[in-house]
Amino acid sequence: MRHERGIREDSTGSAESASSLRRIGRALAARPARLSPARHVGRVTLGTFLTGTGIAHLTALREEFQAQVPPWFPADPDAVVVVSGVAEIAIGLSLVALPRWRVPVGAAAAAFFVVIFPGNISQYVTGTDAFGLDSDGARLVRLFFQPALVAWALWSTGAWRALASGLRGPGPHSEAHS
């Protein structure tokens, strides 16, 4: 089967998938529109929060963070904590200091929150006490904060809008549909 632009498709529609990924990439790389004051404050607050948490990974709360590394994860818990702490610092500082890059950094922050979510699930499933979460109820409630962090990262940076526009694809009056 041939795609109308001459790209060969297989039965899984890989050309369509590649096209969607290119649209999403362009949407993330486009110069973002100005943010409302609330979103600006949300972005800076999230960046400050991430930077502080990343520093805590490397210093005072290092052992507490090690408790969140799932026992099945095939790496040294201390190394995981150090790497995730450095990543949090980099993302946090980027959110604060690089406003023109806020959309891809916001997407990276959201992805980071998704990637570390299994550690939160593991803490609940294994009943591991850390950060004052010393009951199943407290650990369960914490699980609901991770999706909120993902939403915060996407909303406060405009990444939600950019990703949505990239997924929708070109409008009916664009060159791609003529």
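Residues numbered from 1 in each chain as written. Predicted model: local features only at pLDDT ≥ 70, side-chain atom pairs only at ≥ 80, totals over all residues. Heavy atoms only, no water.

Student: For the overall build of the protein chain, give the residues involved together with the corresponding values.
Tutor: When its secondary structure is counted, the protein chain shows eight helices and zero strands. When its helices and strands are written in sequence order, the protein chain yields α-α-α-α-α-α-α-α. The 178 residues of the protein chain split such that 34% are buried. Sequence-distant contacts, at least 24 apart, represent 69% of the contacts inside the protein chain between residues at least 6 apart. Accessible surface, the protein chain as shown: approximately 10700 Å² in total, 65% of it carbon and sulfur. (Helix = DSSP H or I, 4+ residues; strand = E, 2+ residues; numbered from the N terminus. Buried < 20%, exposed > 50% of the residue type's maximum accessible area, 1.4 Å probe, protein only. Contact = heavy atoms within 4.5 Å. Areas by Shrake-Rupley, 256 points an atom, 1.4 Å probe, with all protein chains shown as cover.)

Student: Explain the packing of aromatic side chains to me, using residue names and the numbers behind them.
Tutor: The final tally for this structure, using the stated rule, is three aromatic pairs. Ring centres 6.4 Å apart and planes at 25° place the aromatic pair F49 and W152 in the stacked group. In this pair, F49 is assigned in helix α2 (residues 37–58) and W152 in helix α7 (residues 145–157), connecting sequence segments 103 residues apart. Judged by relative accessible area, which is 40%, F49 ranks as partly exposed. (Phe/Tyr/Trp six-rings, centres within 6.5 Å; stacked < 30°, edge-to-face > 60°.)

Student: Provide a residue-level description of the packing of α2 against helix α4 (residues 77–97), including the pertinent values.
Tutor: Running from N to C, α2 and α4 cross one another at 155°; their axes reach a closest spacing of 7 Å. Between α2 and α4, the angle falls in the class roughly antiparallel. The element α2 and its partner α4 pack so that their crossing is left-handed. Residues R43, V44, L46, G47, T48, L50, T51, T53, G54, I55, H57 and L58 of α2 pack against V81, V82, S84, G85, V86, E88, I89, I91, G92, L93, L95 and V96 of α4. (Axes fitted to C-alpha atoms, helices over the stretch in contact; angles between N-to-C directions. Parallel < 35°, antiparallel > 145°, perpendicular 65-115°, else oblique. Left-handed = near helix turned anticlockwise from the far one by under 90°.)

Student: Please give an account of the confidence of the model for the protein chain that cites residues and values.
Tutor: Within the protein chain, residue pLDDT values average 80, and 74% of them lie at 70 or more. Taken together, the stretch residues 1–10 has pLDDT below 50 and engages in twelve contacts with residues farther than four places along the chain or on a different chain. (pLDDT = per-residue confidence, 0-100.)

Student: Pulling in residues and values, what's your account of the nonpolar core?
Tutor: In terms of nonpolar packing, the biggest core is built from 17 residues, with L46, L50, I91, L95, A109, F113 and A153 touching the most fellow members. Taken together, the elements giving at least two residues each to this core come down to α2, α4, α5 (102–126), α7 and α8 (159–168). Of the residues forming this core, the biggest block, seven residues, is contributed by α5. Among all residues touching F113, those that are not within four sequence positions of it are L46, L50, Q146, L149, V150 and A153. (Core = buried A, V, L, I, M, F, W, Y, C linked by side-chain atoms within 4.5 Å.)

Student: For the environment of P147, give the residues involved together with the corresponding values.
Tutor: Relative to the helices and strands, P147 resides in helix α7. Judged by relative accessible area, P147 falls into the partly exposed class, the value being 47%. Along the chain, P147 and A110 lie 37 residues apart, while their C-alpha atoms are 8.9 Å from each other.

Student: Describe the pattern of salt bridges, and please don't skip the residues or the numbers.
Tutor: All told, the structure shown has three salt bridges when counted by the stated rule. Ionic pairing is found between D78 and R62, a salt bridge with its closest N-O pair at 2.6 Å. Here R62 lies in helix α3 (residues 62–66) and D78 lies in helix α4, a separation of 16 residues in the sequence. Its salt-bridge partner being D136, residue R139 comes within 2.9 Å of it at the nearest N-O pair. One end of the pair is R139 and the other is D136, both in helix α6 (residues 136–143) and three residues apart, which spans about a single turn. Residue classification places R139 among the buried residues on the basis of a relative accessible area of 6%. Judged by relative accessible area, D136 falls into the partly exposed class, the value being 46%. Ionic contacts of the salt-bridge type, sharing partners, join the residues D129, D136 and R139 into one network. (Salt bridge = Lys/Arg side-chain N within 4 Å of Asp/Glu carboxyl O.)

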